[in-house]
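Structure assessment
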Amino acid sequence: MLNLLPEPILKYLIDKLPPFTGILMIKTTDEGVVAGWYGNPNDYLENQPVEGQDIYDIVPALFGMIPPLVVPAVLSRIQTSQQCIADIHIVQDEDSGEFWIFFVNQTKEVEN
């Protein structure tokens, strides 16, 4: 999957996010409709994303966030499910206009 990411998105992933395992990536249209995803949604979400579904139906905290006013946008320590608190990064692929949403688990950091 990583080799299929557009270069600016991959650069953001490498340069801006901490070393990670178990990240969830969701690609949406410029209207916030899920166009694909990679990772284990069970680690972050109550329900698995479905292509064609609105992102805010999956993560209510993202209602009105696609497109964001500022790109990249970072939402810190958002409870995305009963068992997970995540930082959410929203990055735009300027070539396609699509958005990539990265979920980085912060549950352990919040609990400490």
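Along each chain, numbering runs from 1 in the same order as the chain's sequence is written. Only residues with pLDDT of at least 70 get local features here, since the model is predicted, and only at 80 or more are side-chain atom pairs given and counted; chain-wide, interface and lining totals rely on the full set of residues. Only hydrogens and water are removed before side-chain values are computed, so all heavy atoms of the structure are retained for them.

A look at the packing of aromatic side chains
Rules: A pair of Phe, Tyr and Trp rings is counted when the ring centres sit within 6.5 Å of each other, with Trp represented by its six-membered ring. The angle between the planes then sorts it: under 30 degrees is stacked, over 60 is edge-to-face, the rest tilted. Put simply, DSSP marks the helices as runs of H or I at least four residues long and the strands as runs of E at least two long, and each gets a number from the N terminus on. Three exposure classes are used, based on accessible area relative to the maximum for each residue type with a 1.4 Å probe and protein chains only: buried under 20%, partly exposed in between, and exposed over 50%.
All told, the structure shown has 3 aromatic pairs when counted by the stated rule. Note on Y12 and F102: the rings are 6.3 Å apart at their centroids and 15° apart in plane angle, and the pair reads as stacked. Of this pair, Y12 sits in helix α1 (residues 7-16) while F102 sits in strand β5 (residues 99-105); the two residues are 90 residues apart in sequence, bridging distant segments of the chain. Taken individually, Y12 and F102 each receive the classification buried, so the pair is uniform in this respect. Judged by centre distance (6.0 Å) and plane angle (50°), the ring pair of Y44 and F103 falls under tilted. Of this pair, Y44 sits in the loop between β2 (34-38) and α2 (55-58) while F103 is found in strand β5, placing the two residues 59 residues apart along the sequence. Of the residues examined, Y44 reaches a relative accessible area of 2% and is grouped as buried.

Notes on the sheet that holds strand β4 (residues 84-92)
Hydrogen bonding along the main chain pairs the strands of a sheet, whether they run parallel or antiparallel. Condition: By definition, two strands form a pair when at least two bridges between them are found by DSSP. Lines fitted to C-alpha atoms define the axes here, with helix axes fitted over just the stretch in contact, and angles between the N-to-C directions of these axes take values from 0 to 180 degrees.
Spatial strand order, β2-β1-β5-β4-β3: 5 strands in an open sheet with antiparallel pairing. The open sheet terminates on both sides in strands that have one partner only, identified here as β2 and β3 (73-81). Here the average twist between neighbouring strands, direction ignored, is 25°. As paired elements, β3 and β4 share 6 bridges and run antiparallel to each other. Bridge pairing links I78 to A86 in β4.

Concerning the confidence of the model for the protein chain
Inclusion rule: A residue's pLDDT is simply how confident the predictor is in it, with values from 0 to 100.
Per-residue confidence for the protein chain gives a mean pLDDT of 90; residues scoring 70 or more make up 96%. Considering each helix and strand of the protein chain separately, the mean pLDDT is smallest for α1, with a value of 82, and largest for α2, with 96.

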